[in-house]
Amino acid sequence: MPDLLPAVWRALGGAGGELARIRVGGPPVVLRSAFPVTDVGAAAVGASLLAATRGVPVALDTAALAVALRSERHVRLDGRAVGSPFDPLSAFHRTADGWLRLHANYPWHRAAALRVLGCAEGDVPAAIAERGALELEDALHEAGGVGAAVRAEQAWRAAAGPPPPLVERRVLGAAPPRPARRPRVLDLTRVIAGPVATRTLAAHGADVLRLDAPDRPEIPLQAYDTLPGKRSALLDLAAHGPVLEELLAGTDVVVTGYRPGALDRFGLAPAELARRHPGLVVVTLSAWGPEGPWAHRRGFDSIVQAACGIAEAEGTDGVPGALPAQVLDHATGYLAAAGALLALAEQRRGGGTHHVRLALAGTAAWLQSLPRVAPEDVPDADPGPHLVDLDAPDGRLTLALPPGTVDGLPLTWPAPAPSYGTARPCWDDPPGA
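As a convention, each chain's residues are numbered from 1 in the sequence order in which they are written. Where totals are concerned, whole chains, interfaces and linings use all residues; where local detail is concerned, this predicted model gives features only for residues with pLDDT of at least 70, and gives and counts side-chain atom pairs only at 80 or more. To obtain the side-chain values, all non-hydrogen atoms of the structure were included, while hydrogens and water were left out.

Caption draft 1: Just the packing of aromatic side chains, in detail. Note on aromatic pairs: the rings of Phe, Tyr and Trp (six-membered ring only in Trp) are paired at centre separations within 6.5 Å, and the planes decide the class, stacked below 30 degrees, edge-to-face beyond 60, tilted for the rest. Within this structure, the stated rule accounts for five aromatic pairs. Between the aromatic rings of W156 and W294, the centroid separation amounts to 5.0 Å while the plane-to-plane angle is 85°, which identifies the pairing as edge-to-face. Here the residue W156 occupies a position in helix α7 (residues 153–160), and W294 occupies one in the loop between β13 (281–286) and α12 (301–308), the gap between them amounting to 138 residues. Each member of the pair, W156 as well as W294, is classed as buried. Three or more aromatic residues joined by ring pairs form one cluster here, namely Y106, W108 and F300. Above the plane of the ring of F86 lies R101, whose end atom (NZ or CZ) is 5.4 Å from the centre. Remark: a charge is flagged as sitting over a ring if the NZ atom of Lys or the CZ atom of Arg is within 6 Å of the ring centre and within 35 degrees of the ring normal. The side chain of R297 reaches across the aromatic face of W294, ending 4.6 Å from its centre. Only DSSP runs of H or I covering at least 4 residues are called helices, and only runs of E covering at least 2 are called strands; the numbering of each starts at the N terminus. Burial here depends on accessible area, computed with a 1.4 Å probe over protein chains only, as a share of the maximum for the residue type. Under 20% is buried, over 50% is exposed, and the range in between is partly exposed.

Caption draft 2: Molecular detail of the packing of α12 against helix α15 (residues 360–369). For every element, the axis is a line fit to its C-alpha atoms; helices are fit only across the contacting stretch, and the angle between N-to-C directions ranges from 0 to 180 degrees. Packing of α12 against α15 brings their axes to within 10 Å, and their N-to-C directions diverge by 50°. Taken together, α12 and α15 sit at an angle that is classed as oblique. As for the relative orientation of α12 and α15, their crossing is right-handed in sense. Contacts between α12 and α15 involve D301, V304 and C308 from the first element and L360, A361, A364 and Q368 from the second. Each angle gets one of four labels, with under 35 degrees taken as roughly parallel, over 145 as roughly antiparallel, 65 to 115 as roughly perpendicular, and the rest as oblique. Helix crossings are classified by the rotation of the near helix relative to the far one: an anticlockwise turn of less than a right angle makes the crossing left-handed, while a clockwise turn makes it right-handed. The contact criterion used throughout is that any non-hydrogen atoms of two residues lie within 4.5 Å.

Caption draft 3: Looking closely at the pairing of strand β15 (residues 387–392). Two strands form a pair only when DSSP identifies at least two bridges running between them. For β15 and strand β16 (residues 395–400), the ladder comprises six bridges, and the chain directions are antiparallel. Residue pairing in the sheet places L390 in a bridge with L397 of β16. Hairpin geometry of β15 and β16 is characterised by an intervening segment of two residues between the two adjacent antiparallel strands.

What follows is the structure, given as structure tokens:
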């Protein structure tokens, strides 16, 4: 495999001497694509393993990696599948002049799409076929929906300008070093990338508390997949500002996964957090990055693939395609976890308020910058050895294990098992509450 980890590790701020601690084994290619998806996944997960440990060997098997990068596909509740990750409308649709990728997984995005199209659900393909892809893309955005015209990479660069970097690191202000303790992580993320980041932090020992709005429930499949090891609480940030402030005062790391500026009204802008709570590590993830004409648009992995040229490159016979895993989400999540852990270590050594910033579009640009090969057929990895059963309040859950070993021991999911919205929004809950 091409070794992408050294460059990634440098971008994250890792020390070069640490690279000797990691070994990657298994088949060189485990996911079929023209893009080096296996290599990208291995580099991102490898960085998280190095960042989470000190002085001990770590290892990664690519068969386990293949399962982890598609963890949402392996979720079972009492032996049964928990629905599809995608709504039936979340698909490629022919337009009058090309293709559009629609996202309708959340009810409010589905409703916005139906308003824009002015039709019933069964008439969506016909309604889209009568309109232009770029016109629909803009109309969906204005209505609070999500969709992207399928473009070639060159067309995307002309429309969006330079991509964001893979990872940005900066110090927002001075602060004394904080004492070492079990890290507390306030998780304000949704869908996959951010929840994978905080799930990874939980797997490496952090106390993670996820907050969701009471009127914006998470899709059950995604909650089961990304909540192991975390406590999950519901909190209306607009109505409970003092509760949020108390949580911020007790946390070490804040991870947000919304559009740039979307949480500013709650006092969660990175610069404002640095002013009120110096010494935090703030990690922000977004679809498109903090600058450029698309910065404030909604976006998901599949939408970024469509807009930036990946879907066009993965297509056949003029029909767009998709990566074999939502690797923009998963890789960005593991990189964010690595960035958070390295920034936390730096804060405890030398102080400061640290900000780590990543975007799906930056990960996409990295993937597109790498050499491509003719895709080869590869057998699916046997998921069995890389799954675990957990007793949860809703039943017996089957989940993908966290990938990797530390000092020869495989990682496992710590308690608590996934239980959406049942925890209290505070830091004094006992473990497993």
